[in-house]
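Coordinates in review
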Amino acid sequence: MPNVKRQIYMDNAATSFPKPPAVVAAMVAFMNDVGANPGRSTHDRSVEASQIMTEARGKLAALFNIPDPKRIVFTLNATESLNTVIYGFLNPGDHVIITQMEHNSVIRPVRHLERSGIISVSVAQCDKMGVLDVQGLKRLIRPKTALICLNHASNVCGTIQDIAAVRAAQGEIPLLLDVAQTAGALPVDVQKLGVDFLAFTGHKSLYGPQGTGGLYVREGLVVRPLKRGGTGSMSEVDEQPDFFPDQLESGTQNVVGIAGLAAGVDFVLETGVDRIRRHEMQLLSAFVDGTVDVPGVTLYGPLKVDMQMPILSMTFDQALPDGLRVTFGGCGGRSIPATFDSLHPHEAGSILLDKHEISVRVGLHCAPLAHEALGTLPDGTVRFSMGYFNTPEDVEIAVRAVREIAEKREFFDEDR
Ligand SMILES: Cc1ncc(COP(=O)(O)O)c(C=O)c1O
């Protein structure tokens, strides 16, 4: 058994934990009782595996109000979904707009294409709360703008963008919406929002396992596949099928993961996105209320629950006694010198884990431009991210821990 202590888990923006028991049960049932490849053979097990895939697509289509479930393809994660659109939809000479809140899974592929001389990229600015300047984005539009990549909600500070305003500003230009942080935790209706490409991950608020995700492509849009290979269909031809989902789903799929994802989506549909959202808003509200007035702590994001996912990023400024310079053993065995007037996020993360048994994520969270907007470069933030399984008691403990760290009590403790 893995050696993991009981802790308060507040790293749900990375991946959700725990998973609903039905997710684990569905995966065990697949491994024990089904086990075959979907869409390849006519025996019962293969038919059952295909059925699992079809049902999973149907559940996701219901959650996102997607008219045709076949327009959903399964991927390994949101990163693969985003890469599929960026590499498969854009053409030489195209211009792309991204925002400062994008994850590296958007920044890196578009910059790679830009450095290769294939596309040009503009970055729409966000304010200090992470809110996109929609009019600024509109001014970046050129005749060759072929795609706008937009993160529905920041994984750094939780800021939710106003998709309707972006949609109104961008006219007919296709929208690639990254819902890694919102799928399952905030209503996402592709028809109402006017989304052309929806990139989602399965392992966060859809409560599936790691290695699951998906992409919705609106009817009529053409995406070249990242991978070509066996699909179980049209085996006699040496060209990739041109129909969905086969066109973008080559090779044996992660059916055990998708069985778990389907159970996770069931959990979301049965619990209700509204109920999940209400609970998570209550947790965020209590966390903000408990920490907003702590001297030496800076909170990031709108700090208004209706504009923010249950993610609270903070820095510990002026946490050390004046003139004290010490070197801490930071995360990953690195020694991090503390500055005169702030506590490095890595050190705060270590204290939270070692002394308070709270798991968080620290640093830049794979989104460096977001920190540029927030003013938290180069060290980043301490990020508490809550999920449906966190409780008000977890938040109380986390608030106490933040207050203690800010009051410097930790530094006078003999044990450290
Ligand atoms: C906003 C955002 N986009 C994309 C990703 C990448 O997701 P995945 O790890 O599933 O590829 C993440 C993950 O943290 C994210 O928060």
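Per chain, residue numbering runs from 1 following the sequence as it is written. Under the rules for a predicted model, residues below a pLDDT of 70 receive no local features and side-chain atom pairs below 80 are neither given nor counted, while totals for whole chains, interfaces and linings still include all residues. Processing note: side-chain calculations cover all non-hydrogen atoms of the structure and skip hydrogens and water entirely.

1. Focus on the sheet that holds strand β8 (residues 213-217)
Paired through backbone hydrogen bonds, the strands of a sheet run either parallel or antiparallel to each other. Paired strands, as defined in this entry, are two strands with at least two bridges between them according to DSSP. Strands here mean DSSP runs of E at least two residues long; helices mean DSSP runs of H or I at least four residues long; both are numbered from the N terminus. Strands sit in the order β2-β8-β7-β6-β5-β3-β4 across an open sheet of seven strands; the sheet is mixed. Every other strand in the sheet has two partners, leaving β2 (72-75) and β4 (120-124) as the edge strands with one partner each. The average undirected angle you get between the axes of adjacent strands in this sheet is 20 degrees. By the bridge criterion, five bridges tie strand β7 (residues 197-201) to β8 in an arrangement that is antiparallel. Looking across to β8, one finds that T201 is bridged to G213. Against the sheet, helix α3 (residues 78-89) touches β2, β5 (145-151), β6 (175-178), β7 and β8, its axis set at about 155 degrees to β7. Here an angle of 0 to 180 degrees is reported between the N-to-C directions of two axes, which are lines fitted to C-alpha atoms, with helices fitted over the stretch in contact. The contact criterion used throughout is that any non-hydrogen atoms of two residues lie within 4.5 Å.

2. Here's the deal with the pattern of salt bridges
Any carboxyl oxygen of Asp or Glu within 4 Å of a side-chain nitrogen of Lys or Arg constitutes a salt bridge here. All told, the structure shown has nine salt bridges when counted by the stated rule. In this structure, D11 and R383 form a salt bridge, with 3.3 Å as the shortest nitrogen-oxygen distance. Of this pair, D11 sits in the loop between β1 (8-9) and α1 (21-34) while R383 sits in strand β16 (residues 381-385), placing them 372 residues apart in sequence. Assigned by exposure class, D11 and R383 land together as buried. Exposed residues in this analysis have more than 50% of their type's maximum accessible area, buried residues have under 20%, and partly exposed residues fall in between, with area computed by a 1.4 Å probe over protein chains only.

3. Side note on helix α4 (residues 104-115)
For α4, spanning twelve residues, the distance from its first C-alpha to its last is 15 Å, which sits close to the expected 16 Å at 1.5 Å a residue. Burial in α4 covers these residues: N104, S105, V106, I107, P109, V110 and L113. Looking at the buried positions of α4, the neighbouring elements they touch are α3, β3 (95-99), β4, β5 and α11 (368-374). Trailing α4 by a residue or two, G117 shows a phi angle of about 75 degrees, which is positive. How far a helix is expected to stretch is found by multiplying one less than its residue total by 1.5 Å.

4. Things to note about the site of the ligand
Definition of nearness: a residue and a molecule or strand are near each other if at least one heavy atom of the residue lies within 4 Å of the molecule or strand. Of all residues adjacent to the ligand, which total 14 residues, the nearest are T79, D178, Q181, T201 and K204. In this structure, T79 approaches the ligand through a side-chain N or O atom, which is 2.5 Å from an oxygen atom. Polar contacts, as used here, are pairs of N or O atoms within 3.5 Å; protein pairs need one atom able to donate a hydrogen and one able to accept it. Residues neighboring in sequence count only if both atoms are side-chain atoms. Within the contact set of the ligand, an oxygen atom lies 2.6 Å away from a side-chain nitrogen or oxygen of K204. Burial of the ligand by the protein amounts to 90% of the accessible area it has alone, namely 390 Å². Under the scheme applied here, ten amino acids are nonpolar (Ala, Val, Leu, Ile, Met, Phe, Trp, Tyr, Cys and Pro), four are charged (Asp, Glu, Lys and Arg), and all others, including Gly, are polar. Counted by class, the shell around the ligand contains three nonpolar, nine polar and two charged residues. Here the Shrake-Rupley method, with its probe set to 1.4 Å, supplies the accessible areas, and only the displayed protein chains count as covering residues.

5. Structural notes on the packing of helix α2 (residues 44-64) against helix α8 (residues 255-271)
Where α2 contacts α8, the two axes come as close as 9 Å, and the packing angle between them is 35 degrees. Judged by the twist between their axes, the crossing of α2 over α8 is left-handed. Across the interface between the two elements, A49, I52, M53, A56, K59, L60 and L63 of α2 pack against V255, I258, A259, L261, A262, V265, D266, V268 and L269 of α8. The residue inventory of the contact of α2 with α8, partitioned by class, reads 14 nonpolar, no polar and two charged. With the far helix as reference, a near helix turned anticlockwise by less than a right angle produces a left-handed crossing, and one turned clockwise produces a right-handed crossing.

6. Observations concerning a nonpolar patch on the surface
Nonpolar side chains collect at one region of the surface, where M234, V237 and F243 lie side by side and expose about 220 Å² of accessible area between them. Within the fold, F243 resides in the loop between β8 and α8. Exposure above 30% relative accessible area and no salt bridge define the residues that can form patches, which grow by joining like charges within 9 Å and nonpolar side chains of Val, Leu, Ile, Met, Phe, Trp and Tyr within 5 Å.

7. Here's the deal with the side chain of S16
Within the secondary structure, S16 is located in the loop between β1 and α1. Among the polar contacts listed, one links the side chain of S16 to the backbone oxygen of K204, at a separation of 2.6 Å. Dropping the residues within four chain positions of it, S16 is found in contact with Y9, H203, K204 and Y207.

8. Quick look at the packing of aromatic side chains
Two rings belonging to Phe, Tyr or Trp (six-membered ring only in the last case) form a pair when the distance between their centres is within 6.5 Å. Interplanar angles under 30 degrees mark stacking, angles over 60 mark edge-to-face geometry, and anything in between is tilted. Summed over all chains, the structure comprises nine aromatic pairs. Centre to centre, the rings of F89 and F197 are 5.0 Å apart; their planes meet at 65 degrees, and the pair counts as edge-to-face. Highlighted residues: F89 in helix α3 and F197 in strand β7, separated in sequence by 108 residues. The pair F89 / F197 is uniform in exposure class, with both members buried. For the ring pair F267 and Y388, a centre distance of 5.9 Å and an interplane angle of 70 degrees mean the geometry is edge-to-face. Taken together, the residues F267 in helix α8 and Y388 in the loop between β16 and α12 (392-406) connect sequence positions 121 residues apart. The class for Y388 is buried, based on a relative accessible area of 16%. Taken together, the ring pairs connect Y207, F267, Y388 and F389 into an aromatic cluster.

9. Notes on the environment of L198
Tracing the backbone through its elements, the reader meets L198 in strand β7. Under the relative-accessibility criterion, L198 is labelled buried at 0%. Distance in space between the C-alpha atoms of L198 and F64 is 9.2 Å, their sequence separation being 134 residues. Setting aside chain neighbours within four positions, we find L198 in contact with F64, L177, V179, V188, V190, G214, L215 and Y216.

Such coordinate-based values are descriptive only and should not be taken to indicate function.
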